[in-house]
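Read off the chains here:
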Amino acid sequence: MSPARLESILNYADGRLTPPASGRFLDNFAPARGALYGRVPDSDERDMERAVAAASRAFPSWSAKSATERASWLRKIGDAIESRAAELARAESQDTGKPLSLASVADIPRSALNFRFFADAITQFSSECHSTDQNALNYTLRQPLGVVACISPWNLPLYLLTWKIAPALAMGNCVVAKPSELTPLSAHRLSLICRELGLPAGVLNIVHGTGRKAGAALVAHPKVAAVSFTGSTKTGADIAKAAAPAFKKLSLEMGGKNPNIVFSDCDFEEAVEGSLKAAFLNQGQICLCGSRIFVEKALYPRFKRALVERAKALKVGDPEDPDTDQGALVSETHLEKIESYVRLARQAGGRVLCGGRRAAVNGRCRGGWFYEPTLIEGLGPEHQINQDEIFGPVATLIPFRDEAELVDWANRTRYGLAAVLWTKDIGRAHRIAAKLQSGIIWINCWMLRDLRTPFGGMKESGLGREGGLEALRFFSETKNVCVKL
Ligand code: NAD
């Protein structure tokens, strides 16, 4: 494609759209075509300096606005996202390779909702007051932190970026955001929206570039008071290390290797459909995907047959085709990583029940990065395939004997993000939910979200919680005031 026809993305800082200080750009690919289609700023510490300085200048007046005024800005942004939903969904689908139908019903509506939800939440936010025995009154102030960093991944680009930006702004902070360099397009469109709406300069800044350069410069900046990060556990550890000497506040949402647990007494149809969706939605590229499917032995053969049959029926194809269930994977490197895990599974004696190879898609998507939905059995819970986060359309099936064995195996991982349970025995469901080492447990459902609930993982999946008041508390400093009466 000629440079003139490439989609050009710019940084948004101090209310203006600008190229990076280096003048250098990174290539941006459309995964469904495996083709170059855009240029992303390759920003460095100079761009971050400019954005952080703008955010610092904007902070006194933004934080002084009433909660109602800030909420009104958030609502305007949410409305603008909604009014451009079709265009944004197309951008998201093109940039990630995900089905347009999914971006249209999930990514974009949720991005608008994130702004509206926190617009409401900030006007309802309250704090504590303690009347003490010694004739004194304590009250707790929650004040904005200043400039905060929001760093997001490629799998749900606008959805996860706005999930951070909205509470940070609502609480009165100014934001420097660094979206994934693999999927910058929807964040760029958000920049255009904020500029058109006339959001005061510096309140929100979106700077593009690699994690190693732009992301690291943002985390290291001395004026950045807190970092809200979603991405891999490895990057989370790097960020924690970089932020530790300055004791920056950290919220880390990281990887998962989630158990999807099926008992014989489940509603069979619901469990099969739910497990299929939990394994393969967004090509299995959701941190909450149930990639280890544990099935009670008595049900195992029947469940396996049904799940394999449905996985084979999923249509892998052009993301713009409304009949497509599975789009492309985000990059060729990611596709190769998935291939290498399936190779490893085969070498270890794992049986590939379906998929296990690239999917051929014709027409304009001939060169795209597609992989067939893949189910593997025959590997124990300790095997690397059942330990590492693959983050693609690959799930394993593991039969279990009883509750005790199941809980032991489900918890035998360094991750602890989400778990799914399919059973009609409600006593057992509650018992197991209490024993599972996961921040989120779904019983007879998956991805049913209420934005007020605490969201996040334990162990190597996360530090802190997002969502509802938890997010507003994260993006604020707590101050107790004690008054002798
Ligand atoms: P990643 O860690 O490679 O990148 C995430 C973001 O961090 C990107 O913007 C990247 O540029 C930036 N980054 C990378 N190195 C950095 C550094 N040293 N300093 C600052 N920023 C840096 O993750 P990814 O591949 O984009 O996303 C996939 C991962 O995200 C998976 O592990 C998935 O489980 C996880 N994820 C978690 C959640 C959750 O809520 N727990 C949600 C979605 C995705």
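Residues numbered from 1 in each chain as written. Predicted model: local features only at pLDDT ≥ 70, side-chain atom pairs only at ≥ 80, totals over all residues. Heavy atoms only, no water.

Caption draft 1: Geometry of the overall build of the chain. What the chain contains, in helices and strands, is 14 helices and 23 strands. Against the compact-globule benchmark of 23 Å for 485 residues, the chain has a radius of gyration of 23 Å, which places it among compact chains. Based on the C-alpha atoms only, the size of the chain along its principal axes is roughly 70 × 65 × 40 Å. Long-range pairs, those at least 24 residues apart, make up 75% of the contacts in the chain with a sequence separation of at least 6. Taking the average location of the 61 positive side-chain charges in the chain and that of its 52 negative ones, the two points are 3 Å from each other. (Helix = DSSP H or I, 4+ residues; strand = E, 2+ residues; numbered from the N terminus. Rg over C-alpha atoms; globule rule 2.2 N^0.38 Å. Contact = heavy atoms within 4.5 Å. Lys, Arg positive; Asp, Glu negative; His and termini not counted. Charge placed at Lys NZ, Arg CZ, Asp CG, Glu CD.)

Caption draft 2: Here's a closer look at the packing of aromatic side chains. The tally for this structure, following the rule as stated, stands at 7 aromatic pairs. Centre to centre, the rings of Phe263 and Phe400 are 5.2 Å apart; their planes meet at 80 degrees, and the pair counts as edge-to-face. Placement of Phe263 in the loop between strand E13 (258-262) and helix H9 (268-280) and of Phe400 in strand E17 (residues 394-400) is noted, with a sequence separation of 137 residues between them. Grouping aromatic residues by their ring pairs yields a cluster made of Phe117, Phe118 and Trp163. The positively charged end of Arg39 is found above the aromatic ring belonging to Phe25, 4.0 Å away from the centroid. The positively charged end of Lys76 is found above the aromatic ring belonging to Trp73, 4.0 Å away from the centroid. (Phe/Tyr/Trp six-rings, centres within 6.5 Å; stacked < 30°, edge-to-face > 60°. Lys NZ or Arg CZ within 6 Å of the ring centre and 35° of its normal.)

Caption draft 3: Focus on the site of the ligand. Residues in close proximity to the ligand total 28 residues, the closest being Lys178, Glu181, Ser232, Thr235 and Glu389. Between the ligand and the protein, one listed contact pairs an oxygen atom with a side-chain N or O atom of Glu181 at 2.6 Å. Between the ligand and Met254, the relevant distance is 2.8 Å, taken from a nitrogen atom to a main-chain nitrogen or oxygen of the residue. Of all the secondary-structure elements, those providing two or more residues to the shell around the ligand are helix H7 (211-220), strand E11 (224-230) and helix H8 (233-243). With 4 residues, the single largest contributor to the shell around the ligand is H7. Tallied by class, the residues present in the shell around the ligand amount to 14 nonpolar, 10 polar and 4 charged. Lining the shell around the ligand are residues from two domains, each supplying at least three of them: domain 1 (3-254 + 461-484) and domain 2 (259-451). (Near = heavy atom within 4 Å. Polar contact = N/O pair within 3.5 Å; in protein donor to acceptor, adjacent residues only side chain to side chain. Nonpolar A, V, L, I, M, F, W, Y, C, P; charged D, E, K, R; others polar. Domains from an automatic or database assignment.)

Caption draft 4: Layout of the environment of Leu417. Along the chain, Leu417 falls in the loop between strand E18 (415-416) and strand E19 (418-422). What makes Leu417 buried here is its relative accessible area of 2%. Through-space distance from the C-alpha of Leu417 to that of Gly256 is 5.4 Å; in sequence the pair is 161 residues apart. In this structure, Leu417 is in contact with Met254, Gly255, Gly256, Asn258, Cys287, Leu288, Ser438, Gly439, Ile440, Gly456, Gly457 and Ser461, ignoring residues within four places of it in sequence. (Buried < 20%, exposed > 50% of the residue type's maximum accessible area, 1.4 Å probe, protein only.)

Caption draft 5: Region of the structure containing the sheet that holds strand E4 (residues 25-30). Across the sheet, 3 strands lie side by side as E1-E5-E4; this open sheet has mixed pairing. Each edge of the open sheet carries a strand with a single partner, namely strand E1 (7-8) and E4. Relative to strand E5 (residues 35-41), E1 runs parallel, the two being bridged by 2 bridges. Among the inter-strand pairings, Ser8 is bridged to a residue of E5, identified as Arg39. (Pairing = 2+ DSSP bridges.)

Caption draft 6: Representation of the pattern of salt bridges. As enumerated under the stated definition, the model contains 34 salt bridges in all. Among the ionic pairs, Glu87 bridges to Arg189, the shortest N-O distance being 3.7 Å. Of the two residues, Glu87 sits in helix H3 (residues 85-96) while Arg189 sits in helix H6 (residues 185-197), which places them 102 residues apart along the sequence. Among the residues examined, Glu87 registers a relative accessible area of 38% and is labelled partly exposed. (Salt bridge = Lys/Arg side-chain N within 4 Å of Asp/Glu carboxyl O.)

Caption draft 7: Region of the structure containing the domain arrangement of the chain. Taken domain by domain, the chain comprises domain 1 (3-254 + 461-484) and domain 2 (259-451). With centres defined by C-alpha atoms, the gap from domain 1 to domain 2 works out at 30 Å. Each side of the interface is counted separately: domain 1 has 31 residues, and domain 2 has 30 residues. Taken together, both faces of the contact between domain 1 and domain 2 bury some 2400 Å²; the carbon and sulfur share is 61%. For domain 1, the biggest contributors to the area lost against domain 2 are Ala32, Trp154 and Ser461; these three give 23% of the whole. The interface formed by domain 1 and domain 2 includes 1 salt bridge. (Buried area = accessible area lost by both parts, 1.4 Å probe.)

Caption draft 8: Region of interest: the packing of helix H4 (residues 100-124) against helix H5 (residues 157-170). Following both chains from N to C, one finds H4 and H5 inclined at 10 degrees, their axes separated by 8 Å at the closest point. Judged by the angle between their axes, H4 and H5 are roughly parallel. Contacts between H4 and H5 pair Ala106, Asp107, Ile108, Arg110, Ser111, Asn114, Phe115, Phe118 and Ile122 from the former with Pro157, Leu158, Tyr159, Thr162, Trp163, Ile165, Ala166, Pro167 and Ala170 from the latter. Residue composition of the contact of H4 with H5, grouped by class: 13 nonpolar, 3 polar and 2 charged. (Axes fitted to C-alpha atoms, helices over the stretch in contact; angles between N-to-C directions. Parallel < 35°, antiparallel > 145°, perpendicular 65-115°, else oblique.)

Caption draft 9: Structural view of the pairing of E13. Extensive coverage of E13 is indicated by the burial of 5 of its 5 residues. Both faces of E13 are covered, namely the face carrying Asn258, Asn260 and Val262 and the face carrying Pro259 and Ile261. Pairing geometry for E13 and strand E14 (residues 290-296), over 5 bridges, is parallel. By the bridge assignment for E14, Val262 is matched with Val295. Handedness of the β-α-β unit built from E13, H9 and E14 comes out right-handed. Note that E13 and E19 share 3 bridges and pair parallel. Each bridged residue has a counterpart across the sheet, and for Ile261 the counterpart in E19 is Leu421. (Right-handed = clockwise from strand over helix to strand, strands pointing away.)

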